[in-house]
Amino acid sequence: MDPKETFVQLAAFEYVADVQAIKGRLEAEGIPVFLRDENILNSDPLISHAIGGVKLLVHAKDRERAQEIYDEIRAYAQDHLGHPIVCPNCKATKSEVYYSRKGIFYKLFPFFEKRKHKCLNCGIITKPGHP
């Protein structure tokens, strides 16, 4: 198989509905998209954390362009009031929800892990209870 025809993961989403707008935009730009675990989560959305959500895959040759499009339209993490999460290190407002899933307990029961945020600008992970 041609390495350019292999799929690479662009992103993962907690629910199938979360990925549909991005999938549509990529396909409108002529980028073929494959959603791994879409059917599993359509039948049982409560296991999303256990399997790592629905994965958005694109061909390796399309990865760079797909990443640019995704970065233009992606939704970043917000606080409970709808304001963007501000990184305490670099003050950027481009963070995503992050789960480390360290330890057997959190691998078996990921819904017990406290939500953290990872800054996409500097990479710092904000611990629970911190801004």
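In short, a report on the structure. (Residues numbered from 1 in each chain as written. Predicted model: local features only at pLDDT ≥ 70, side-chain atom pairs only at ≥ 80, totals over all residues. Heavy atoms only, no water.)

**A few points about the overall build of the chain**
Move 1: Looking only at helices and strands, the chain features five helices and six strands.
Move 2: Its helices and strands taken in sequence order, the chain reads β-α-β-α-α-β-α-β-α-β-β from the N to the C terminus.
Move 3: Principal-axis analysis of the C-alpha atoms places the extent of the chain at approximately 45 × 35 × 25 Å.
Move 4: Counting every position in the chain, which comprises 131 residues, the buried fraction comes to 28%.
Move 5: Taking the contacts inside the chain whose residues are at least 6 apart along the sequence as the reference set, 54% of them involve residues at least 24 apart.
Move 6: Carbon and sulfur atoms form 54% of the exposed surface of the chain, whose accessible area is close to 8,500 Å².
Move 7: For the chain, the distance from the average site of its 19 positive side-chain charges to the average site of its 17 negative ones is 8 Å. (Helix = DSSP H or I, 4+ residues; strand = E, 2+ residues; numbered from the N terminus. Buried < 20%, exposed > 50% of the residue type's maximum accessible area, 1.4 Å probe, protein only. Contact = heavy atoms within 4.5 Å. Areas by Shrake-Rupley, 256 points an atom, 1.4 Å probe, with all protein chains shown as cover. Lys, Arg positive; Asp, Glu negative; His and termini not counted. Charge placed at Lys NZ, Arg CZ, Asp CG, Glu CD.)

**Observations concerning the pattern of salt bridges**
Move 1: Under the criterion given, the structure shown has six salt bridges.
Move 2: Notably, a salt bridge pairs Glu27 with Lys23, separated by 3.2 Å at the nearest N-O pair. You can see Glu27 and its partner Lys23 sitting in helix α1 (residues 16-28), four residues apart, about one turn around the helix.
Move 3: On the basis of relative accessible area, Glu27 is assigned to the partly exposed category, the value being 39%.
Move 4: Note that Glu29 is salt-bridged to Arg65, the shortest N-O span being 3.6 Å. Pair noted here: Glu29 is in the loop between α1 and β2 (33-36) and Arg65 is in helix α4 (residues 63-73), with a separation of 36 residues, a long-range link.
Move 5: The class of Glu29 is partly exposed, set by a relative accessible area of 39%.
Move 6: For Arg65, a relative accessible area of 37% corresponds to the partly exposed category. (Salt bridge = Lys/Arg side-chain N within 4 Å of Asp/Glu carboxyl O.)

**A closer look at the packing of aromatic side chains**
Move 1: Enumeration over the complete set of coordinates arrives at two aromatic pairs.
Move 2: On the basis of an interplanar angle of 45 degrees and a centroid distance of 5.8 Å, the ring pair of Phe7 and Phe34 is categorised as tilted. One end of the pair, Phe7, is in strand β1 (residues 7-13); the other, Phe34, is in strand β2, with 27 residues separating them in the sequence.
Move 3: Overall, the relative accessible area of 39% leaves Phe7 in the partly exposed class.
Move 4: Owing to a relative accessible area of 40%, Phe34 belongs among the partly exposed residues under this scheme. (Phe/Tyr/Trp six-rings, centres within 6.5 Å; stacked < 30°, edge-to-face > 60°.)

**Remarks on the sheet that holds strand β6 (residues 125-126)**
Move 1: With antiparallel pairing, three strands are arranged side by side in an open sheet as β4-β5-β6. Strand pairing shows two members of the sheet lacking a second neighbour, β4 (95-98) and β6, which therefore form its edges.
Move 2: Summarising the sheet, strand β5 (residues 116-119) and β6 pair through two bridges and their orientation is antiparallel. Counted as the bridge partner of Lys118 is Ile125 from β6. (Pairing = 2+ DSSP bridges.)

**A word on the nonpolar core**
Move 1: If you look at the biggest cluster of nonpolar residues, it comprises 18 residues, and the most contacted ones within it are Phe13, Leu26, Val54, Leu56 and Val58.
Move 2: Secondary structure elements with two or more residues in this core: β1, α1, β2, β3 (54-59) and α4.
Move 3: Not counting residues within four places of it along the chain, the set of residues in contact with Leu56 comprises Val8, Gln9, Leu10, Ala11, Phe13, Val19, Ile22, Leu26, Val33, Phe34 and Leu35. (Core = buried A, V, L, I, M, F, W, Y, C linked by side-chain atoms within 4.5 Å.)

Function cannot be read off these values alone, since they describe shape.
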